[in-house]
Amino acid sequence: MTMASNRFQSGEMVMGRWPGSSLYYEVKVLNFNSNTQLYTVIYKDGTELELKEVDIKRVSGFRQSGGRSRSRSRSPSRRRSRSRSPGRVTRRSTSRTMETRKDARKEPKVKEVQEVRLSPVEKPVENNSNNKHDKKEENDTTNRVSEKSEAESESNRIGVRYNLRPRKEEVGTKVMEPEEVEKKVAERLRERKVSVERSTELEFGGRIGAFFMIFLLPTITVILLLMCSQKDPSLMNFPPALPSLDAVWDVQVFGLVVLWFFFQALLYLLPVGKVVEGLPLRSGKRLKYRINGFYAFILTALVLGVAHYQGVDLSYIHANFLQFSVSAMILSVLLSLYLYVRSCWVPQEDLAPAGNSGNVIYDFFIGRELNPRIKSFDLKYFCELRPGLIGWVVINMSMLVAEMKIQKLDAPSPAMMLVNGFQLLYVADALWNEEAILTTIDIVHDGFGYMLAFGDLVWVPFTYSLQSFYLVNHPSALSLTWLVTIITLNLIGYFVFRKANSQKNAFRRNPADPKLSHLRTIPTATGKSLLVSGLWGFVRHPNYLGDLIMALAWSLPCGFSHILPYFYIVYFTCLLIHRDARDEKQCRRKYGSAWNEYCRQVRYRIFPGIY
Ligand code: NDP
């Protein structure tokens, strides 16, 4: 970043326009980003904001022309005391008008607009943008809420240009003293000189953790598959015998894996299905995504169906399962290397917030570039749902065919049908609701590197199919009651999972969606709100809860003879608890006191009454 070509200098006090209003507040310039052409400025309460040059004026110029500016020429009722939020610019009450009129005569005008608290309104809970209020609060808050909504929708509209970044957890509850602001500004300026937009908070155990994970993930995958291939897959038989080279590598299998990848890529390119926009990026851009995953799924099913009737034996995958997994691993490593190398040429603003630590190993693991694309082909979006997820269903089908062959059955066992049916529903649902993935952590926050490439191409298809792989050689009988119980459990999990994800996705896409008007929300300083009733008021991650209930239903058909088929639920619980912790941290940073308020109102993270 450079301050060479910009009008305002680091440390300069200027007047910055508050997004969505014509009001100016005194702010200090922190830096200028020549890529985005935005100035980062800091307010009295520690809130940082990115502004365009046209929205910044010199204090002197502002004083001269201030009398003509909209914010000054309006009645004094528009001015605020130190505890008012700029989001509430249009509130008018007679008493307030009188009070501020008096103030207006006493103090210089510029001083008034300097002392302002930016962040959340005093009563943080309100209904969503449709502005339906709790009856008891109605009289008190009607004006305030409508002002807030107005500011919020305005802020959403201009969200492309402005990036609100509260820096303090308690932003909005305390106005900083001038000396504190000076200190903070000096600190921030020092930080920026040392490192420009470097990721400093490393996850997954930092560099050492990332280094081990790179080797640990393939090792666990191979061990699980070897254990599952054993006649007696008990933990007493750990570790499994090392396989021969022939059992892990086969050129033909590798060719099939590559073919599969490119076949799915071809389907992704088909010009069918609508094109939607993702959430705004840091630069303000919105990427376009083609939604045709479900078509790809149907076409794949048709092609495989035809192949099956042409005599292609799907159980080939089962017979060469380890080789398939190793080939997929090699492909994921090659892809990750490509992703890392290309990320060295992309502009800073295209890097993932967490993927720019400067450490090669860590950045390779976590993913540097947020949305790597070859023209309009989005590699992360493609890998998230297509080759791995559809591949998982194909692997399950292969296990079903293999079970019938090996166990000499005329039809698949009920346990195998349940596992196949449940997981088919999960994948079909993900593809049917493909658009919802655009608001998930993977797409919005995480870069595309080894972690996601390995997860999408290897971990999901080869370890999530462990139950069906297990059932091929380890039959499990199910009573009718048990069968009904497991199906019910899966349906409950699915309902919670789907409803939670759909609600959040619909809300993020359109906070004023009439279908969500019954839900209460908490406004945040960023202009976005948080759902605080319905499923998102039950626990803070209802979608994780639903997913975990389903995970249990997928393992139960395998009976209780071995722990191996329960690997998925154990691993998935750890994954989602860790993911929840990561998300909490990010949300606390993003939303500050509003997030604390959400946590106060919704006490449990995933499991009601427990965690
Ligand atoms: P979420 O879809 O839950 O996204 C979390 C984000 O939602 C937060 O960062 C925040 O982002 C927003 N948010 C949080 N609380 C609220 C609220 N109260 N109101 C509105 N928005 C809120 O996380 P994931 O991407 O982890 O999960 C998506 C789905 O994928 C889940 O169902 C999960 O179970 C599943 N999953 C499955 C995996 C698998 O391997 N099978 C692996 C990982 C996930 P913001 O405010 O910025 O919009």
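Model, not experiment: these values are computed from the prediction.

1. Describing the packing of aromatic side chains
On inspection of all chains with the given rule, the structure shows 39 aromatic pairs. Relative to tyrosine 571, the ring of tyrosine 568 lies with its centre 6.4 Å away and its plane at 45°, an arrangement referred to as tilted. Residue tyrosine 568 and its partner tyrosine 571 are located together in helix H22 (residues 567-591), separated by three residues, close to a single helical turn. Given a relative accessible area of 2%, tyrosine 568 falls into the buried group. Its relative accessible area of 16% is what places tyrosine 571 among the buried residues. Their ring planes at 15° and their centres at 5.0 Å tell us that tyrosine 568 and phenylalanine 572 sit as a pair that is stacked. Of the two residues, tyrosine 568 and phenylalanine 572 are both situated in helix H22; the distance of four residues between them amounts to about one turn of the helix.

2. Remarks on the side chain of serine 234
Assignment of secondary structure puts serine 234 in the loop between helix H7 (206-229) and helix H8 (245-248). Among the polar contacts listed, one links the side chain of serine 234 to the backbone nitrogen of methionine 236, at a separation of 2.9 Å.

3. Topic: the site of the ligand
Around the ligand sit 26 residues, and of these Tyr464, Arg508, Tyr544, Arg579 and Tyr591 come closest. In this structure, tyrosine 544 approaches the ligand through a side-chain N or O atom, which is 2.5 Å from an oxygen atom. Of all the elements in the fold, those that place two or more residues in the shell around the ligand are helix H20 (480-509), strand E13 (529-531), helix H21 (542-555), H22 and helix H23 (593-601). Among the elements that make up the shell around the ligand, the one with the highest residue count is H22 (eight residues). Tallied by class, residues from the shell around the ligand come to 15 nonpolar, four polar and seven charged.

4. Section: helix H12 (residues 321-343)
With 23 residues, H12 extends 33 Å from end C-alpha to end C-alpha; this agrees with the ideal 33 Å at 1.5 Å per step. Taking burial as the measure, the 23 residues of H12 include 17 buried ones, the bulk of the element.

5. Considering the nonpolar core
Within the largest apolar cluster, 105 residues are counted, with the highest numbers of intra-cluster contacts made by Phe321, Phe365, Tyr381, Trp392, Phe448, Tyr464 and Phe572. Look past the residues within four positions of phenylalanine 448 in its chain and what remains in contact with it is Leu335, Leu339, Gly367, Arg368, Glu369, Leu370, Pro372, Leu379, Lys380, Cys383, Ala453 and Asp456. One finds Val496, Leu535, Trp536 and Val602 within the second-largest nonpolar core, a separate group that totals 18 residues.

6. Quick look at the UniProt feature "transmembrane region" (unreviewed entry) in the protein chain
Sequence positions flagged by UniProt for "transmembrane region" (unreviewed entry) are, in local numbering, residues 208-227, 247-270, 291-309, 321-341, 448-471, 477-497, 518-539 and 559-578. When the span residues 291-309 is considered, its composition is 89% helix and 0% strand, and the gap between its end C-alpha atoms is 30 Å.

7. Structural notes on the environment of lysine 528
Relative to the helices and strands, lysine 528 resides in the loop between strand E12 (520-523) and E13. Relative accessible area serves as the criterion here: at 33%, lysine 528 is assigned to the partly exposed category. As a C-alpha pair, lysine 528 and proline 511 span 17 residues in sequence and 8.3 Å in three-dimensional space. If we ignore the near neighbours within four places in the chain, the residues touching lysine 528 are Arg508, Ile522, Pro523 and Tyr591.

8. Examining helix H15 (residues 387-406)
One full turn of an α-helix is made of 3.6 residues, so residues set three or four places apart face in the same direction. Spanning 20 residues, H15 covers 27 Å between terminal C-alpha atoms, matching the ideal 28 Å at 1.5 Å per step. Buried residues dominate H15, accounting for 16 of its 20 residues. Phi turns positive one or two residues past the end of H15, at lysine 408, with a value near 50°.

9. Notes on the side chain of glutamate 597
In this fold, glutamate 597 is placed in helix H23. Given a relative accessible area of 16%, glutamate 597 falls into the buried group. There is a polar contact of 2.8 Å between the side chain of glutamate 597 and the side chain of glutamine 601.

10. Quick notes on a nonpolar patch on the surface
Residues Leu245, Trp249, Val251, Ile330, Val333, Leu334 and Leu337 make up a contiguous nonpolar surface patch of about 640 Å² in total accessible area. In terms of residue count, H12 provides more of the nonpolar patch than any other element does, four residues in total. Along the chain, the position of valine 251 falls in helix H9 (residues 251-269).

11. Examining the pattern of salt bridges
Pairs can form between side chains of opposite charge once their charged atoms are near each other. Taken as a whole and judged by the stated rule, the model has 17 salt bridges. Arginine 58 is paired through a salt bridge with glutamate 12; the nearest N and O atoms lie 2.4 Å apart. Taken together, the positions of arginine 58 in strand E5 (residues 56-58) and glutamate 12 in the segment before strand E1 (13-17) put the pair 46 residues apart, joining distant regions of the chain. Looking at arginine 58, the relative accessible area reads 32%, which means it is partly exposed. Put simply, aspartate 442 and arginine 579 hold a salt bridge, and the shortest N to O gap is 2.8 Å. With aspartate 442 in helix H17 (residues 441-444) and arginine 579 in helix H22, this residue pair connects regions lying 137 residues apart in the sequence. Comparing aspartate 442 with arginine 579 shows no difference in burial state: the two are buried. When salt bridges that share partners are traced, they join Glu203, Asp446 and Arg582 into one network.

12. Some details on the packing of H22 against H23
Two elements in contact, H22 and H23, have axes separated by 6 Å at closest approach and are oriented at 130°. With respect to their mutual orientation, H22 and H23 come out oblique. Contact with H22, carried on its side by Glu584, Cys587, Arg588 and Tyr591, involves Ser593, Ala594, Trp595, Asn596 and Cys599 of H23 and no other residues of that element. Here the contact of H22 with H23 is built from residues that sort into five nonpolar, two polar and two charged.

13. Considerations on the confidence of the model for the protein chain
Summing up the model confidence of the protein chain, the mean pLDDT is 79 and the portion of residues at 70 or higher is 75%. Throughout residues 64-174 the model reports pLDDT below 50, and contacts reaching past four residues in sequence, or to other chains, amount to 225 contacts. Contacts of residues 192-196 to residues separated by more than four positions or lying in other chains number eight contacts, the stretch itself having pLDDT below 50.

Criteria and cut-off values
Per chain, the residues get numbers from 1 upward, laid out in the order the sequence is written. It should be noted that, the model being predicted, local features are given only for residues of pLDDT at least 70 and side-chain atom pairs only at 80 or more, the latter also being counted only at that level, while totals for whole chains, interfaces and linings use all residues. Water and hydrogen atoms were dropped before computing side-chain values, which therefore reflect all heavy atoms in the structure. By convention, a stacked pair of Phe, Tyr or Trp rings (six-membered ring in the case of Trp) has centres within 6.5 Å and planes under 30 degrees apart, an edge-to-face pair has planes over 60 apart, and any other such pair is tilted. The secondary structure listing takes helices from DSSP runs of H or I that are at least 4 residues long and strands from runs of E that are at least 2 residues long, numbered from the N terminus. Relative accessibility decides the category of a residue: with a 1.4 Å probe and only protein chains considered, values under 20% of the type maximum give buried, values over 50% give exposed, and everything between is partly exposed. Here a polar contact is taken to be a pair of N or O atoms separated by no more than 3.5 Å, where protein atoms must pair a possible hydrogen donor with a possible acceptor and residues adjacent in sequence count only if both atoms sit in side chains. The near set for a molecule or strand comprises every residue that places at least one heavy atom within 4 Å of it. Three classes are used: nonpolar for Ala, Val, Leu, Ile, Met, Phe, Trp, Tyr, Cys and Pro, charged for Asp, Glu, Lys and Arg, and polar for all others, with Gly counted as polar. Expected span of a helix: the number of residues minus one, times 1.5 Å. Remark: nonpolar core denotes a set of buried residues (Ala, Val, Leu, Ile, Met, Phe, Trp, Tyr, Cys) joined through side-chain atoms within 4.5 Å. By the convention used here, residues are in contact when the closest approach between their heavy atoms is within 4.5 Å. UniProt positions are given in the numbering used here, feature names are shortened, and annotations may be inferred rather than shown by experiment. Only residues whose relative accessible area exceeds 30% and that form no salt bridge are eligible for patches; like-charged ones are grouped when within 9 Å, while nonpolar side chains (Val, Leu, Ile, Met, Phe, Trp, Tyr) are grouped when within 5 Å. Per-residue and other accessible areas were derived by the Shrake-Rupley procedure at a 1.4 Å probe size, with only the shown protein chains allowed to occlude residues. In what follows, salt bridge is the name for a side-chain nitrogen of Lys or Arg lying within 4 Å of a carboxyl oxygen of Asp or Glu. Axes here mean lines fitted to C-alpha atoms, for a helix over just the part in contact, with angles spanning 0 to 180 degrees between N-to-C directions. Should an angle fall under 35 degrees it is taken as roughly parallel, and over 145 as roughly antiparallel, whereas 65 to 115 is taken as roughly perpendicular and any remaining angle as oblique. Confidence of the predictor at the level of single residues is given by pLDDT, which spans 0 to 100.

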